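# Commentary on secondary and tertiary structure
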Amino acid sequence: MKRVNVAIMGLGVVGGGTYDILTGNHDHIKRTQGVDIRVKKVLDRDRERVLGRGVPESAFTDSIDELAADKDIDIVVETMGGVEPAKTFIIRMLQSGKSVVTANKELISKYWYALEPVAKANGVGLYFEASCVGGVPIIRTLTESMQANRVCELYGIINGTTNYILTKMTEDGSSYEAALREAQQLGYAEFNPTADVDGFDAMYKLSILSSLAFHTTVPYGNIYREGITRITAEDIKSARDLGYVIKLLAIGRRENDRVEARVHPTFVPVDHPLAGVRGSFNAVWLTGDYVDDIMLYGRGAGARPTGSAIVSDVVFCAKRKTHEYTDFGIAEKADSHIEFATDFSSKYYLAVTACDRAGVLAAVTKILGECGVSIRNILQKGGEGEYAPVTFLTHTAKEKSVMTALEKIDKLESVRSIDSCIRCL
Ligand code: HSE
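The following refers to the structure shown. (Residues numbered from 1 in each chain as written. Predicted model: local features only at pLDDT ≥ 70, side-chain atom pairs only at ≥ 80, totals over all residues. Heavy atoms only, no water.)

Met9, Ile138 and Ile165 are the most contacted members of the largest nonpolar core, which has 80 residues in total. For this core, the element with the most residues is helix α11 (residues 200-214), which contributes nine residues. Setting aside residues up to four positions removed in sequence, isoleucine 165 forms contacts with Tyr176, Ala179, Leu180, Ala183, Val197 and Ile228. With 29 residues, the next largest nonpolar core counts Ile37, Phe60, Val77 and Ala130 among its residues. (Core = buried A, V, L, I, M, F, W, Y, C linked by side-chain atoms within 4.5 Å. Buried < 20%, exposed > 50% of the residue type's maximum accessible area, 1.4 Å probe, protein only. Helix = DSSP H or I, 4+ residues; strand = E, 2+ residues; numbered from the N terminus. Contact = heavy atoms within 4.5 Å.)

Below, the structure is given as structure tokens:
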């Protein structure tokens, strides 16, 4: 039976989960997959942490040179996170003839173009199923199950932390701040939650997923990004009153050579399957020209689900004699024939606070009309005092037209503030 030796770089939450699966399910994997996979080395700065997880002392190392020189190591798992030193270490491992499995979405999104050629030149594999949507097998689905199709659309909830926060706000009426604190206490959100709440994590994942789905480089710099930090309890309540829930969606579309990629809070109709994706769960919706719609659902983060995706890559890699790379040749910049949408169409939820007197709504709706934004629903709430909150749902309109209209509305003396502008699915 084929024997494969693995090293793990970084025994934090995900590295630890990977170690547990590789050791705990060793016999099951050996019996069902026909490969005997052993963890030979664990590289970490913190010896006590490693030994505390039950790793034998002989397997511990804090030397990347030792890993590079060890000819018996076939596959290296990178679970350190961040760009450096992960990037330098991965390049070193690939150059030493070892395949790499990583969960690092920021690194893959930013430096995939630099890593893939090194893997190719050395005839080794570079696998990153765990970088996107945790335990949900989205990358393998795109690369191994959708070959018959042109994927024209991909959208979903691909960040668990923000979905947890938005679910708490929706179901318990929590404020954004309280829901974030709870997410931090549960270990979903970091002490500095920017990567999640400002949409960076979802943007990196969308860059990877849409590149694979659309067979062309979708650089993260070409993705429109907006996080959830401005979502208020009032937005959540308005959404519910209008038959929606708010979700942070990542949306990718390709039509001929036009690609659209964006991450932003979105009004999702309550009867849409994505509306029922609660807490830290994730889900991705794919549309292929022949298969039609597919939805994948599961845990997008955590030691066990992410470890499961890593081990799946380890097994996939261990069973292969040769490795495959992107058919389109991932690059630093987008292909010159690809046009990235700077304008797109959507329905919108808009909220303004305006003087509660005759003619004010007429002035606002006049601007919307002049900008080609057609109104589907208007609701004024309250109006006891001088100002009243007014919300609008629009029919499908152009993003640029809506932004132009909002700029003009903001300048009206009778409008105190533009409170919200949220796109609708
Ligand atoms: N922080 C991510 C999330 C998990 O909340 O979904 C890792 O990408």
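The topology assignment puts isoleucine 251 in strand β9 (residues 244-255). Its relative accessible area of 3% is what places isoleucine 251 among the buried residues.

Before going further, it helps to examine the sheet that holds strand β4 (residues 75-78). Ordered in space as β3-β2-β1-β4-β5-β6, the six strands form an open sheet in which the pairing is parallel. The two strands at the open ends of the sheet, each matched to only one other strand, are β3 (60-61) and β6 (126-127). Bridge analysis of β4 against strand β5 (residues 99-102) gives four bridges, and the strand direction is parallel. What sits directly across from valine 77, in β5, is valine 101. (Pairing = 2+ DSSP bridges.)

The omega torsion of the bond from glutamate 84 to proline 85 falls at 10°, within 30 degrees of zero and hence cis. Along the polypeptide, proline 85 turns up in the loop between β4 and α5 (86-95). A positive phi angle is found at asparagine 256, which is not glycine, with a value near 50°. Among the secondary structure elements, asparagine 256 is positioned in the loop between β9 and β10 (258-269).

Another aspect to go through is the packing of helix α6 (residues 105-121) against α11. Across the interface, α6 lies against α11 with an axial gap of 9 Å and an inter-helix angle of 55°. In this view, α6 runs oblique relative to α11, as classed from their interaxial angle. The two elements α6 and α11 meet at a crossing, and its hand is left-handed. Note on element contacts: α11 touches α6 through Asp201, Tyr204, Lys205, Ser207, Ile208, Ser211 and Leu212, opposite Lys105, Glu106, Ile108, Ser109, Lys110 and Trp112. Looking at the contact of α6 with α11 residue by residue, the class counts come to five nonpolar, three polar and five charged. (Axes fitted to C-alpha atoms, helices over the stretch in contact; angles between N-to-C directions. Parallel < 35°, antiparallel > 145°, perpendicular 65-115°, else oblique. Left-handed = near helix turned anticlockwise from the far one by under 90°. Nonpolar A, V, L, I, M, F, W, Y, C, P; charged D, E, K, R; others polar.)

So, on to α6. The terminal C-alpha atoms of α6 lie 22 Å apart, and with 17 residues this matches the ideal 24 Å at 1.5 Å per residue to within 8%. Every buried residue of α6 is accounted for by Leu107, Ile108, Ser109, Trp112, Leu115, Glu116, Val118 and Ala119. Contacts made by the buried residues of α6 are with β4, α5, β5, β6 and α11. Note on α6: the residue one or two positions beyond its end, glycine 123, has a positive phi of about 65°. (Expected span 1.5 Å × (residues − 1).)

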